[in-house]
Amino acid sequence: MQEIDLVPSRHSLAHILAATIQKIWPQAQFGVGPTTEDGFYYDIKIPDYTLTEDDLHQIESGMQELIKKDIRFEQFDMSIDDAVQWAKDNHQPYKEELLNDLRRTGTTVARDLNPEEMGLDITEDSKINKVSFYKTGNFVDLCKGPHVASTSKVGAFKLLRVSGAYWRGDIHKDQLQRVYGVAFSSENELKTYLKNIDKARENDHRKLGQELDLFLISDLVGAGLPLFTPRGTVLRNQLLSFSEELQKAGGYEQVWSPHITKIDLYKKSGHYEKYPERFEVKSVESDDNFMLKPMNCPHVIQIFASRPRSYRDMPQRYMETTTMYRDEKSGELHGLSRVRSLTQDDSHAFVRPDQIKDEFRSIIGMVKQMYTVLDMPLIVDLSFRDDSNQYFGDRKLWEDAEKTIENIAKEEKLEYKVVKGEAAFYGPKIDIHVRDGLGRKWQCATIQLDYVQPERFKLVYTDNDGTLKRPVMIHKAILGSIERFLSVYIEHTGGKFPVWLSPEQIRLITLNQEEAVLQYAEEIVTEAKKLDLRIAIDNDNESVGKRIRNAELMKIPYILVIGPKELASGEVIPRIRSDMLVQDRKETLSIDNFLKTVANEARSRVTHSSL
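What comes next is a walk through the structure.

So, how was this worked out
- Residues take numbers from 1 onward in each chain, read along the sequence in its written order.
- Selection of residues for local features in this predicted model requires a pLDDT of at least 70, selection of side-chain atom pairs for listing and counting requires 80 or more, and totals for whole chains, interfaces and linings are taken over all residues.
- Only hydrogens and water are set aside when side-chain values are computed; all heavy atoms of the structure are taken into account.
- Helix and strand assignments come from DSSP, with helices taken as H or I runs of at least 4 residues and strands as E runs of at least 2, each series counted from the N terminus.
- Residue exposure (1.4 Å probe, protein chains only): buried if accessible area is under 20% of the type maximum, exposed if over 50%, otherwise partly exposed.
- Note on definitions: a residue-residue contact is assigned when non-hydrogen atoms from the two residues lie within 4.5 Å.
- In short, Shrake-Rupley with a 1.4 Å probe defines the accessible areas, and a residue's cover is counted only from the protein chains shown.
- Charge convention: Lys and Arg are scored as positive, Asp and Glu as negative, and His as well as the terminal groups of each chain are ignored.
- Where a charge lies is defined by one atom per residue type: Lys uses NZ, Arg uses CZ, Asp uses CG and Glu uses CD.
- Two strands are counted as paired when DSSP detects at least two bridges linking them.
- For the purposes of these results, a polar contact is taken to be a pair of N or O atoms within 3.5 Å, where, inside protein, one atom must be able to donate a hydrogen and its partner to accept one; residues adjacent in sequence count only when each atom of the pair is a side-chain atom.
- The axes are straight lines fitted to the C-alpha atoms, using for helices just the contacting stretch, and the angles between their N-to-C directions are given from 0 to 180°.
- Multiply 1.5 Å by the residue count of a helix minus one, and that product is the helix's expected span.
- Note that the arc is defined by the directions from the helix axis to the C-beta atoms.
- Any pair of Phe, Tyr and Trp rings, taking the six-membered ring for Trp, is counted once the centres come within 6.5 Å. Such a pair is stacked with planes under 30 degrees apart, edge-to-face with planes over 60 apart, and tilted for the rest.
- Whether a charge sits over a ring depends on NZ of Lys or CZ of Arg being within 6 Å of the ring centre and within 35 degrees of the ring normal.

The secondary structure content of the protein amounts to 18 helices and 29 strands. With 611 residues in all, the protein has 52% of them scored as buried. Taking all contacts inside the protein whose residues are at least 6 apart in sequence as the whole, residues at least 24 apart take part in 70%. Of the roughly 29,300 Å² of accessible surface on the protein, 47% is carried by carbon and sulfur atoms. Of the charged side chains in the protein, 84 are positive and 96 negative; the average position of the first set lies 1 Å away from that of the second.

Okay, the pairing of strand E20 (residues 441-450) next. A large share of E20 lies buried, amounting to seven of its ten residues. Pairing geometry for strand E19 (residues 429-435) and E20, over seven bridges, is antiparallel. The residue bridging His-433 from the neighbouring strand is Gln-443, located in E20. Counted between consecutive antiparallel strands, the loop separating E19 from E20 contains five residues, among which Gly-439 sits at a positive phi close to 85 degrees.

Relative to the elements of secondary structure, Arg-326 occurs in the loop between strand E15 (316-325) and strand E16 (341-351). Spatially, the C-alpha atoms of Arg-326 and Cys-297 are 15 Å apart, while their sequence positions differ by 29 residues. From its side chain, Arg-326 meets the backbone oxygen of Pro-294 in a polar contact 2.8 Å long.

This next bit is on the sheet that holds strand E8 (residues 175-184). Taken in spatial order, the four strands of this open sheet run E1-E2-E8-E7, and their pairing is antiparallel. Looking at strand neighbours, the two that pair on one side only are strand E1 (29-30) and strand E7 (156-166), the edges of this open sheet. Seen against the sheet, helix H1 (residues 6-24) touches E1, strand E2 (39-45), E7 and E8 and runs at an angle of roughly 30 degrees to E2.

A separate point is helix H2 (residues 55-68). The end-to-end C-alpha distance of H2, which contains 14 residues, comes to 20 Å, matching closely the 20 Å that a straight helix rising 1.5 Å per residue would cover. Within H2 the residues assigned to the buried category are Asp-55, Leu-56, Ile-59, Glu-60, Gly-62, Met-63, Leu-66 and Ile-67. Down the axis of H2, the smallest arc covering the buried residues is 165 degrees, so these residues share one side. Projecting away from the buried face of H2 at angles above 90 degrees are the exposed residues His-57 and Lys-68. Those residues of H2 that are buried lie in contact with H1, E2, E7 and E8. Directly after H2, the chain includes Asp-70, whose backbone phi takes a positive value near 55 degrees.

Here the focus is the packing of aromatic side chains. Evaluated as defined, the whole model comprises 19 aromatic pairs. Judged by centre distance (5.6 Å) and plane angle (90 degrees), the ring pair of Tyr-558 and Phe-594 falls under edge-to-face. Here the residue Tyr-558 occupies a position in strand E26 (residues 558-562), and Phe-594 occupies one in helix H18 (residues 591-604), the gap between them amounting to 36 residues. Among the aromatic residues, those joined into a cluster by ring pairs are Tyr-371, Phe-485, Tyr-489 and Phe-497. It is Lys-267 that lies over the ring of Tyr-272; its NZ or CZ is 5.1 Å from the centre. It is Arg-605 that lies over the ring of Trp-500; its NZ or CZ is 5.2 Å from the centre.

The values are spatial; any link to function lies outside them.
Here it is as structure tokens:
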């Protein structure tokens, strides 16, 4: 079977989708239709009609008809003036808006669009000469491509859902409808993906969060402000403790900063204008205006700047597990993955230029260790700036920083790709994604190199020659937002956490209500807690079988049934969660050996049972 190039295939399917919608609803107006990591979408508006999930079958059938006809994708150019007139004549106001932006400024306002991606030919003085179009049968669209040769070459696809999307991501503009599809080279790959979607629904962290009693969202507290139960807090704390342990080994010291600060701090750092979703707070007693912190780095900058620093003091390394606040749009809030209060394992190092490489290597080592234990493979992006004016600082410093980061990635033998336009406003970064058990990619850890903030705050240290030098700031997070990471990890594991992370590691089920048996169970709990194990007793009046089933539904790693036999022998046959078994086996152990083995397993953070 011939291999299909998925980028042009998915891009072509976006056009086939739009062509089909235009055939069914000739009045349709089109926004943009890019590819995604696993498919494509198109933003559309159909005056006087709202698409529903029920319409997707009709649209899919129409797409299949176009595919069978094997229609060619034909590219042609138009002058910018003719292109604007085309948009007017065809009642395409969103295309007209894009083209007028391009004619007026040589660029577009939206970050996700740029002249090159839209097939624009730009001269040295940034004037638009012409734009590229593609024709597929009767459908014509502004587009650079690439496309497959004809509609029959697109592979396997399926439309998944319809959702709302503001035009150009601006809540003050029209709300369009976004039709999502997925596409792969073969039907087998598509079937595997769709099977994984079903599994993802099963593993949805919002569903498991309720079933496993981990977290909740209260209407009285507010959307995007999750509350963690005792069980969920164990999970949070274990992960964050591991992160702090790795950081302390790397020389980081804990600091603390308030959750609210004067707006002046964020105006000086630049975050005030870069975070429009800020929460502002007015003081009742003074004229000071405050805001809940959307970012932590300006606070630790004040700690560094609080006293003179020598080259001998460098690096200065600060870590803080801290909560930050951003007023995200209500329509984008989603369980733990998009929240208004996010807690980060946020850390910063102030280093001399000659210390950058060693510090980056140390941080990369922490990240590798964390995700090796979590059994999640890494994917690395180098997030660099583009040519827009959204970044602070001197361009030469940016070039030096980007070159430094890429050299480090090469020396560390990281497999990476460079992504333009994804840098932080103050510097380039290494964004580290993880691959979950369903093959999905999620951005978690980040390491950022920053020459801009030290310059804005005029930070200095005294070098060995007595001159004042500017330090470089390195921002990092290993887990990133713990809320977002948990949304990923709960779904990655399906709630079957390894022993060291499990909120409840052992459950004792008493066989009867005899006083001696109940007392023995309490003695086991006492010994287990001496070993820092998390253990509970279920001595309800339900049947033993039902209580075992309840413990299995809570995905508890080890279940012990305790009755007169176990009391007499001091031995147990532990029930081990199925995913932890190398092979099906039942092994009799003394209760002492069992508890010590589980404690060692928890301390060493192993993935599978050692029993």
